[in-house]
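Observations on the three-dimensional arrangement
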Amino acid sequence: MNNIKIAPTVLHPVIPNNSYVYIETYGCQMNVNDSEVVVSILRNHGYGYTEKADEADIILINTCSIRDNAEQRIWGRLREFAAYKKQKPSLIIGVIGCMAERLKEQLIEKDKLVDIVVGPDGYRSLPELVKNAESGQKGVNVLLSREETYAEISPVRLDKNGVTAFVSIMRGCNNMCSYCVVPYTRGAERSRDSHTIIEEIKELMAQGYKEVTLLGQNVNSYFHKDENLNFAQLMKKVAELSPELRVRFATSHPKDLSDELIDVMAAYPNICKSIHLPAQSGSTRMLQLMNRKYTREWYLERIGAIKKRIPGCSISTDIIAGFCTETEEDHQQTLSLMREVGYEFAYMFKYSERPNTKAARTMQDDVDDETKTRRLTEIINLQNTLSLESNKRDVGKTFQVLVEGVSKRNPEELFGRTSHNKVVVFPRQSFKPGDYADITIESCSSATLIGK
Ligand code: SAH
Ligand code: SF4
Ligand code: F3S
């Protein structure tokens, strides 16, 4: 979860419309990147940007529908903005992103609180909808597109540390995992043309950025038809821009993790040795119900291929606890898969039924909440142990760390990441953000390596 903040004066010395937008972002990194596209589109139409909601003329919430608790939190926030609107009736409130897509007109009709509702493919229409809203006309654009990639729009970097940046390379998802709302909120998969991707990265490099993460719901199914270019080939192109540029990607679907991609990762030192490969469950029966299109054995074979060709590659995952009909035995298989892979890191969730998904339509959400909570706790405890063990193995070793900024806890310390995506905290010395520093690890916690 991110609240995006930057001083408006930095970005907008002259605001022709004398109108400022505040944007609050929830959900995944793709949403964070989309907010940057939205600010860019509005800026090109003369709107300024403010980091203060109470100074804004337009408040946008970029929303997430992935789990019920994500939506509940956003409803709460909307009610807070309603209070602002009572004091300032000219205030325009817009809901954009995945909840806008899922709930559509409902948002405008219910509570009469929202003026604008725009889905993830409709951001180019925002300036027009805002203009109409300024004259009292409410507006909705929740059309999904088969082409929109915002390819040529240069995002305004809002949470900039000036060192690491995210670049969206594809949108949507065709996978139809039975529990997941994303294919409905984001529409069909489409890939951005590689020239605009490369241009955006070159621009970032010129501004001093040292690391890019290529983003998509399913990046490794990237394929640009006209260019006949797949994800491994795109990665190669990006890695070859400069040995000084670190390259990461997220998220990969196990079924599309090709040997070609593993070989490209192995061949380029500047491609980070870390893969986020969500398993969701360790039970083949669950994976089938989830429509993940692989088995436990198949997944482990892919992990074997990674470990063989990229020794020491760090592997992280997403896990869902308590999906429909999950038994104790299924749950134990998830725990055993986690041990067998030895994940460095994991995002772990309780299953949350999403309206209209295949699971909601055809299966019963029959694992009670207490059991889900207990299983999730076991999963989290195990992951903490695995992370700590992995970090302990790094003590005494030296890693190249890309310095990202000053540690929040101690201004005399800096933090950065290893190629394996582990956070390292170390004494400032003469390093500054953007530097590569060779740091020897002295101690660790389950979340952080501590260096000298
Ligand atoms: N496209 C990525 C990530 C999708 S959303 C992928 O397929 O890996 C991020 C994570 O949220 C998913 O990996 C999954 O673990 C979790 N998630 C998605 N839908 C969920 C649901 N209905 N309940 C609980 N967790 C869910
Ligand atoms: Fe959702 Fe599955 Fe697509 Fe990921 S791959 S976004 S979990 S449908
Ligand atoms: Fe949430 Fe939409 Fe991302 S549902 S996780 S914001 S794609």
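Structural notes, computed from the coordinates. It should be emphasised that the depicted structure is a prediction, and the values quoted were computed from it without experimental measurement.

Some details on the site of ligand 1
Close to ligand 1 lie 15 residues; Gln217, Pro278, Gln280, Asp318 and Ser352 are nearest. In the environment of ligand 1, a nitrogen atom lies 3.1 Å from a nitrogen or oxygen atom belonging to the backbone of tyrosine 179. In the environment of ligand 1, an oxygen atom lies 2.6 Å from a nitrogen or oxygen atom belonging to the side chain of aspartate 318. Out of a free accessible area of 540 Å², ligand 1 has 91% covered by protein chains.

Here's the deal with the pairing of strand β14 (residues 246–250)
In terms of burial, β14 is largely enclosed, as 4 of its 5 residues are buried. As judged from the 5 bridges shared by strand β11 (residues 211–215) and β14, these two strands associate in the parallel manner. Bridged to valine 212 within β14 is valine 247.

Here's the deal with the site of ligand 2
Surveying the vicinity of ligand 2 reveals the residues Cys173, Asn175, Met176, Cys177, Tyr179, Cys180, Val182, Pro183, Gln217, His253 and Arg292. Of the residues that constitute the shell around ligand 2, the class distribution is 7 nonpolar, 3 polar and 1 charged.

Observations concerning empty space enclosed by the protein
Enumeration over the complete set of coordinates arrives at 1 cavity of 30 Å³ or more. Quantified by volume, the largest cavity comes out at close to 90 Å³. If you trace the largest cavity, you find 13 residues lining it, with Val37, Thr149, Tyr150, Ser168 and Arg192 closest to the centre. Elements with a minimum of two residues in the lining of the largest cavity: α2 (29–44) and β9 (170–171). Here the lining of the largest cavity takes 3 residues from α2, the largest share from any one element. Residue composition of the lining of the largest cavity, by class: 6 nonpolar, 3 polar and 4 charged.

Quick word on the packing of aromatic side chains
Scanning all chains against the criterion turns up 9 aromatic pairs. On the basis of an interplanar angle of 85° and a centroid distance of 4.9 Å, the ring pair of phenylalanine 323 and tyrosine 351 is categorised as edge-to-face. One end of the pair, phenylalanine 323, is in the loop between β16 (314–321) and α13 (328–341); the other, tyrosine 351, is in the loop between β17 (345–350) and α14 (358–362), and 28 residues separate them in sequence. For the residue pair phenylalanine 323 and tyrosine 351, the accessibility class agrees, reading buried in each case. Between the aromatic rings of phenylalanine 426 and phenylalanine 431, the centroid separation amounts to 6.2 Å while the plane-to-plane angle is 80°, which identifies the pairing as edge-to-face. Here the aromatic residues Tyr22, Phe81 and Tyr84 are joined through ring pairs into a cluster of three or more. Looking at arginine 67, its charged tip hangs above the ring of phenylalanine 349, at a distance of 3.6 Å from the centre.

Looking at the nonpolar core
Among the nonpolar cores identified, the biggest contains 55 residues, and Leu214 and Phe231 are the most heavily contacted of them. By residue number, the principal contributor to this core is helix α9 (residues 231–239), which donates 6 residues. Not counting the four nearest positions on each side in its chain, phenylalanine 231 is found in contact with Ile169, Leu214, Val219, Asn220, Tyr222, Phe249 and Leu261.

A short note on the pattern of salt bridges
Pairing between side chains of opposite charge can happen when the charged atoms of each approach one another. This structure, assessed with the given rule, holds 36 salt bridges. The shortest N-O distance in the salt bridge between glutamate 148 and arginine 124 comes to 2.7 Å. Of this pair, glutamate 148 sits in the loop between β7 (139–141) and β8 (164–168) while arginine 124 is found in the loop between β6 (116–118) and α6 (126–134), placing the two residues 24 residues apart along the sequence. For glutamate 148, a relative accessible area of 14% gives the class buried. A relative accessible area of 38% means that arginine 124 is categorised as partly exposed.

Some remarks on the sheet that holds β16
With respect to topology, 3 strands assemble into an open sheet ordered β15-β16-β17, the strand pairing being parallel. In this open sheet, the two edge strands, each paired with only one partner strand, are β15 (274–276) and β17. Across the sheet, the mean angle from the axis of one strand to that of its neighbour is 10°, orientation sign disregarded. Of the strand pairs in this sheet, β15 and β16 are connected by 3 bridges, and their pairing is parallel. From the neighbouring strand, isoleucine 275 faces β16, where its bridge partner is isoleucine 315. Against the sheet, helix α15 (residues 369–394) contacts β16 and β17, and its axis sits at roughly 175° relative to β17.

Rules and cut-offs
Residues numbered from 1 in each chain as written. Chains lettered and ligands numbered in written order. Predicted model: local features only at pLDDT ≥ 70, side-chain atom pairs only at ≥ 80, totals over all residues. Heavy atoms only, no water. Near = heavy atom within 4 Å. Polar contact = N/O pair within 3.5 Å; in protein donor to acceptor, adjacent residues only side chain to side chain. Areas by Shrake-Rupley, 256 points an atom, 1.4 Å probe, with all protein chains shown as cover. Buried < 20%, exposed > 50% of the residue type's maximum accessible area, 1.4 Å probe, protein only. Helix = DSSP H or I, 4+ residues; strand = E, 2+ residues; numbered from the N terminus. Pairing = 2+ DSSP bridges. Nonpolar A, V, L, I, M, F, W, Y, C, P; charged D, E, K, R; others polar. 1 Å grid on protein atoms, 1.4 Å probe; cavity = no way out; pocket = protein on both sides within 12 Å on 5 of 7 lines; lining within 4 Å. Points joined across faces, edges and corners; volume = space filled by probe spheres on them. Phe/Tyr/Trp six-rings, centres within 6.5 Å; stacked < 30°, edge-to-face > 60°. Lys NZ or Arg CZ within 6 Å of the ring centre and 35° of its normal. Core = buried A, V, L, I, M, F, W, Y, C linked by side-chain atoms within 4.5 Å. Contact = heavy atoms within 4.5 Å. Salt bridge = Lys/Arg side-chain N within 4 Å of Asp/Glu carboxyl O. Axes fitted to C-alpha atoms, helices over the stretch in contact; angles between N-to-C directions.

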